[in-house]
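Observations on chain architecture
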Amino acid sequence: MSHNTKRAAVILAAGQGTRMKSPVPKVLHTVAGRTMLDLAIDAAEGLGCDRIVVVVGAHSPQVGETARARLGVENVVIQDPPLGTGHAVLAAKDALADFDGQVVVSYADCPLIDTAVLKTVFDLADTSDLAVLGFEAADPGAYGRLIIEGDNDLSAIVEAKEASPEQLAITACNSGVLAADRATLFSLLGEVTNANAKGEYYLTDVVGLAKGRGLKPKTCFVAEDDVIGVNSQAERAVAEGIWQTRRRHELMRDGVTMTAPDTVFLSWDTQIAAGVIVEPNVVFAEGVSVESGAVIRAFSHLEGAKVGAGALIGPYARLRPGAEIGKDVHIGNFVEVKNVRMGEGAKANHLSYLGDGEVGAKANIGAGTIFCNYDGFFKHKTIVGENAFVGSNTALVAPVTIGAGAITGSGSVIVQDVPADALAFERARQTEKPGWAKAFRERKLAEKAALKKG
């Protein structure tokens, strides 16, 4: 029995994923805007694992590239050919040869196995020879059954196709996640054979082998939803739904108001403070934080944006990466903000595009304003000073600066800097022709009548 404090994770990511029917490898599909592979690594990192090894298949080089980019070449191993789960874990043996501590086996296609789930099995491994993570299944179906005696002592894992009628009635099922001391785990795996119908090396065989050595495997339990696997697009959507529901409830528990929570979609890193109101049909993509007192109105989409306290966003607003929305700022309907810092109390309430720039405190951006930031080759910056007033339907052609307190006339195309407190407008002189409209209508009506006669 081991009491090592160091921990490592072996994440299995070598599955073919054919049922996804997608050119994207299965474990690179996302849940909550994060690839399932990254979520598995996040869970291990969250527990402070000293080593994380990902086992990939030769058939999906993209998975290997992704894992190596995050963990380094030495922490990614290839299982080739795929000969079962036991064989996959054994592929990580050399990578962990110098590691002394507990090792957990986890799965990149189980996106809801988080740090708390891994902690459950690690904690049991600290006080047992082999810890196996189980769950109570609503419909045990084809899951392996856990044969338990006494105080969660595990005597065997029986596959459904080999189980007796009495064993099939058991609802305690195997998640596939287990943990043990590294030396013990790989020693047991070394004795696993492929003498079965599939000719594969099963990870579950280590339980029987451990019992044969006089060791005492134990089991612990988490909710079935915690360990669901993803093998199809429909199952990915189920996992997404569970994740979203849980995260919404966490936020509401912590003081966020959601009037229609089932219509709000969050990302893995969304941060929303207590006191924020989120109206229906809002999407938070990656990289968003919202401070207390802000209101996110219906049908808004936020990505890579920071929203300050008391800000009012939407409805139908789009905040893109680099949007920094200050305290009490108003971003209204059909306004798009990208890579712009909005100073405290600034307003852009209607139908505008603000891209690459700065807007000073209490400046007002009129309806239909456009920051013309792109010249076809490079992006340029627009700066609007404090208390400036940009008239409706103004095109600000960057690079350009509107000074503090300046005003631009509606319908102007501003191509030069405007000094502080100045008025700038650019439009042709209005010309009037008295009676022209009446004469035009009479002429057209006469032409129409002549055509009918003809």
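Nothing here was measured: the structure is a model prediction, and the numbers come from that model.

**Considerations on helix α6 (residues 182-189)**
Regarding α6, the residues found buried are R182, L185, F186, L188 and L189. Across the axial projection of α6, the buried residues extend over an arc of 160 degrees, all falling on one side. Next to the buried residues of α6 lie α3 (85-90), β6 (102-107), β10 (172-181) and α7 (205-212). Between the side-chain oxygen of the N-cap and the backbone nitrogen of A183 there are 3.1 Å, and the N-cap of α6 in question is D181.

**A word on helix α2 (residues 61-71)**
Among the residues making up α2, those that are buried are V63, G64, A67 and L71. In an axial view of α2, the angular spread of the buried residues amounts to 95 degrees, which keeps them on one side of the axis. Counted as exposed and oriented over 90 degrees from the buried face of α2: P61, E65 and A69. Tucked inside the fold, the buried residues of α2 contact β1 (7-13), α1 (36-46), β4 (51-57) and β5 (76-79). Of the residues trailing α2, G72 is marked for its positive phi of about 95 degrees.

**Concerning the pairing of β10**
When you tally the buried positions in β10, you get 10 out of 10 residues, the bulk of the element. The pairing of strand β7 (residues 130-136) with β10 spans five bridges and is classified as antiparallel. When the bridges of β10 are listed, E136 appears paired with A172.

**Notes on the state of the cysteines**
Summed over the entire model, instances satisfying the criterion amount to zero disulfides. With no disulfide of its own, C220 has C173 as its nearest cysteine by sulfur position, at a separation of 15 Å. The exposure class of C220 is buried, given its relative accessible area of 11%.

**Focus on the packing of aromatic side chains**
The geometry of an aromatic ring pair is captured by two quantities: the separation of the ring centres and the angle between the planes. Throughout the structure, instances matching the rule amount to four aromatic pairs. Ring centres of F299 and Y316 lie 5.0 Å apart, and the angle between their planes is 5 degrees; this geometry places the pair in the stacked category. Residue F299 is located in the loop between β17 (295-296) and β18 (301-302), and its partner Y316 is located in the loop between β20 (312-313) and β21 (318-319); the two are separated by 17 residues in the primary sequence. Summarising the aromatic geometry, the rings of Y316 and F334 are spaced 5.1 Å apart at their centres and angled 15 degrees between planes, so their arrangement reads as stacked. In this pair, Y316 sits in the loop between β20 and β21 while F334 sits in the loop between β23 (330-333) and β24 (336-342), placing the two residues 18 residues apart along the sequence.

**Side note on the environment of Q430**
Take Q430: it is sitting in the loop between β35 (423-424) and α9 (436-453). Within the structure, the side chain of Q430 is placed 3.4 Å from the side chain of E432, a separation counted as a polar contact.

**Quick notes on the side chain of S232**
Mapped onto the secondary structure, S232 falls in the loop between β11 (217-221) and α8 (233-253). Separated by 3.2 Å, the side chain of S232 and the backbone nitrogen of E235 make a polar contact. Residues in contact with S232, not counting those within four places in the same chain, are R19 and M20.

**Some remarks on the packing of α1 against α2**
Two numbers describe how α1 lies on α2: the axes approach to 11 Å, and their chain directions differ by 30 degrees. Between α1 and α2, the interaxial angle falls into the category roughly parallel. For the element pair α1 and α2, the recorded crossing hand is right-handed. Across the interface between the two elements, L37, D38, I41, D42 and E45 of α1 pack against V63, T66, A67, R70 and L71 of α2. When its residues are assigned to classes, the contact of α1 with α2 shows five nonpolar, one polar and four charged.

**Points about the pattern of salt bridges**
Going through the model one piece at a time under the given rule, you end up with 22 salt bridges. For K218, the salt bridge goes to D153, with nearest N and O atoms at 3.1 Å. On the criterion of sequence distance, the pair formed by K218 in strand β11 and D153 in strand β9 (residues 153-158) is long-range, its members being 65 residues apart. Salt-bridge contacts for K444 lead to E447; the nearest nitrogen and oxygen are separated by 3.6 Å.

**Some words on the nonpolar core**
Counting residues in each nonpolar core, the largest one holds 71 residues, and the members touching the most others are L37 and V54. With residues up to four places along the chain from it excluded, the contact list for V54 reads I11, A13, L37, I41, A67, L71, N75, V76 and V77. Membership of the second largest hydrophobic core comes to 57 residues, among which are V307, V329, A346 and V359.

What counts, and at which threshold
- Residues numbered from 1 in each chain as written.
- Predicted model: local features only at pLDDT ≥ 70, side-chain atom pairs only at ≥ 80, totals over all residues.
- Heavy atoms only, no water.
- Buried < 20%, exposed > 50% of the residue type's maximum accessible area, 1.4 Å probe, protein only.
- Helix = DSSP H or I, 4+ residues; strand = E, 2+ residues; numbered from the N terminus.
- Arc of directions from axis to C-beta.
- Contact = heavy atoms within 4.5 Å.
- Polar contact = N/O pair within 3.5 Å; in protein donor to acceptor, adjacent residues only side chain to side chain.
- Pairing = 2+ DSSP bridges.
- Disulfide = S-S within 2.5 Å.
- Phe/Tyr/Trp six-rings, centres within 6.5 Å; stacked < 30°, edge-to-face > 60°.
- Axes fitted to C-alpha atoms, helices over the stretch in contact; angles between N-to-C directions.
- Parallel < 35°, antiparallel > 145°, perpendicular 65-115°, else oblique.
- Left-handed = near helix turned anticlockwise from the far one by under 90°.
- Nonpolar A, V, L, I, M, F, W, Y, C, P; charged D, E, K, R; others polar.
- Salt bridge = Lys/Arg side-chain N within 4 Å of Asp/Glu carboxyl O.
- Core = buried A, V, L, I, M, F, W, Y, C linked by side-chain atoms within 4.5 Å.

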